[in-house]
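Report on the structure
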Amino acid sequence: MPRPLTATIHLDSMAHNLARARACVPGARAWAVVKANAYGHGLERGMRAFADADGLALIEPDNALRLRELGWTKPILLLEGLFDAADAAMLAAHRIDSTVHTMEQIVLLEQAALAGPIDIHLKMNTGMNRLGFTPEAFATAYARLRAIAAVRDITLMTHFANADELEHPRLTIGEQLARFASGAAGLAGLRSLSNSGGVLHHDALAGRLTTDWIRPGIMLYGGTPGGKTAAEFGLLPTMTLASEIIGIQQIEAGDSVGYGSRFVADRAMRIGIVACGYADGYPRHAGPDTPVLVAGQRSTLVGRVSMDMLTVDLSAIPDACVGTPVVLWGAGLPIDEVASAAGTIGYELMCALAPRVRVLEGPLEHHG
Ligand SMILES: *Cc1c(COP(=O)(O)O)cnc(C)c1O
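As the structure is a computational prediction, the values presented were derived from the model and not from experiment.

1. Describing the overall build of the protein
In terms of regular secondary structure, the protein is built from 11 helices and 18 strands. Reported as C-alpha extents along the three principal axes, the dimensions of the protein are approximately 75 × 45 × 35 Å. Sequence separation of at least 24 residues holds for 64% of the intrachain contacts in the protein that already meet a minimum separation of 6. For the protein, the exposed area adds up to about 15500 Å²; of that, 54% sits on carbon and sulfur atoms. A gap of 3 Å separates the mean positions of the 30 positive and 37 negative side-chain charges of the protein.

In structure tokens form, the structure reads like this:
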């Protein structure tokens, strides 16, 4: 008998969410971002669910090759670009597009003497201060790339720090757009700007944000980068982490639960033991208010999350018994809500899904 813990991936919801992203920015081409094992959903599943995307974007060069082996024929983009000379040769050999964000990467491409053609996303740092050329250095980098015979299309790219919050007190999208416009002035090429935040707030930025390529990630997986909830944005959950109650304890007032005896009951309680712990990717920092669905009813955690188990309050769910289904996140329980109760974001929970969790595929309705 396998352990009852499963992560069901809803490919239909992933396809639905991609269609939502496209509808937010009509006419734009869409990179579906599948880095980090498609945010924990599986690279190959991402490829199938996002068959309608114009391209797949990711970080890992080995996984870019894997996508080609799996039969993806449309564009692939490396979001951190090439790391060494071998990557430069791979770009040309397998038609993989690369971000370029340093002069070192340009030198690698110059020295590789590739037959080409290769397409580049040239990245500008407009205030995120992570990757990219400053607006002042951008035209020089562009000219160096343009002079490389193998380089065909150059797309101009930047990344938003606060696309979820339209008027962020430190750095607004508007400021980043102004810096982008100044650095990119007069340079030919398509523009690639919006992550999920930019896509979801496209309407609110009407007329200010022009993007030829969008790069949605988290929204494709039914999470939001902030602002409204996923449901309010019309997004569907794509991963349901579900398990069962494998034990029950009846405790009295004054009894404690779990490691550190951190939870102490102030009344008689029924406690359910659920087969899911931090070694499965469930956040150990999840506090006592973290929601859990037991037989479709909301309850909360009690006590510390341990490696293989967590404990829930069954006081209001008298019918719950060994074998009762439990949803940790997904259908009926937004992952963002669980993440927020654990002091983190949905991104981290999805990406941390552990290899020992059995992964299934299925439509969302079966869980709803
Ligand atoms: C991860 C990533 C994205 C997607 O970001 P989300 O917030 O998940 O939509 C877009 N662009 C780049 C460069 C990225 O690294």
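Additional details are given in the paragraphs that follow.
2. Overview of the pairing of strand E8 (residues 191–194)
In this sheet, E8 lies alongside strand E7 (residues 151–158) in parallel orientation, the contact comprising 2 bridges. When the bridges of E8 are listed, Leu-156 appears paired with Arg-191. Pairing of E8 with strand E9 (residues 213–214) involves 2 bridges; the strand directions are parallel. Counted as the bridge partner of Ser-194 is Ile-214 from E9.

3. A few points about the site of the ligand
Neighbouring the ligand are 14 residues; Lys-35, Tyr-39, Ser-196, Ile-218 and Tyr-347 lie closest to it. Residue Ser-196 places a side-chain N or O atom 2.5 Å away from an oxygen atom belonging to the ligand. At 2.9 Å, a backbone N or O of Gly-217 approaches an oxygen atom of the ligand. In isolation the ligand has 390 Å² of accessible area, and contact with the protein removes 92% of it. Residues of the shell around the ligand, tallied by class, amount to 7 nonpolar, 4 polar and 3 charged.

4. What to know about the packing of aromatic side chains
If you walk through the whole model with that rule in mind, you get 5 aromatic pairs. Ring centres of Trp-31 and Trp-213 lie 4.2 Å apart, and the angle between their planes is 15 degrees; on these two criteria the pair is classed as stacked. With Trp-31 in strand E2 (residues 29–33) and Trp-213 in strand E9, the pair connects residues that are 182 residues apart, well separated along the chain. Between the aromatic rings of Tyr-282 and Trp-329, the centroid separation amounts to 6.1 Å while the plane-to-plane angle is 15 degrees, which identifies the pairing as stacked. With Tyr-282 in the loop between strand E13 (269–274) and strand E14 (291–294) and Trp-329 in strand E17 (residues 325–329), the pair connects residues that are 47 residues apart, well separated along the chain. For the pair formed by Tyr-282 and Trp-329, the shared burial category is buried. Taken together, the aromatic side chains of Tyr-39, Phe-50, Tyr-221 and Tyr-347 make up a single cluster linked through ring pairs.

Calculation criteria
- Residues numbered from 1 in each chain as written.
- Predicted model: local features only at pLDDT ≥ 70, side-chain atom pairs only at ≥ 80, totals over all residues.
- Heavy atoms only, no water.
- Helix = DSSP H or I, 4+ residues; strand = E, 2+ residues; numbered from the N terminus.
- Contact = heavy atoms within 4.5 Å.
- Areas by Shrake-Rupley, 256 points an atom, 1.4 Å probe, with all protein chains shown as cover.
- Lys, Arg positive; Asp, Glu negative; His and termini not counted.
- Charge placed at Lys NZ, Arg CZ, Asp CG, Glu CD.
- Pairing = 2+ DSSP bridges.
- Near = heavy atom within 4 Å.
- Polar contact = N/O pair within 3.5 Å; in protein donor to acceptor, adjacent residues only side chain to side chain.
- Nonpolar A, V, L, I, M, F, W, Y, C, P; charged D, E, K, R; others polar.
- Phe/Tyr/Trp six-rings, centres within 6.5 Å; stacked < 30°, edge-to-face > 60°.
- Buried < 20%, exposed > 50% of the residue type's maximum accessible area, 1.4 Å probe, protein only.

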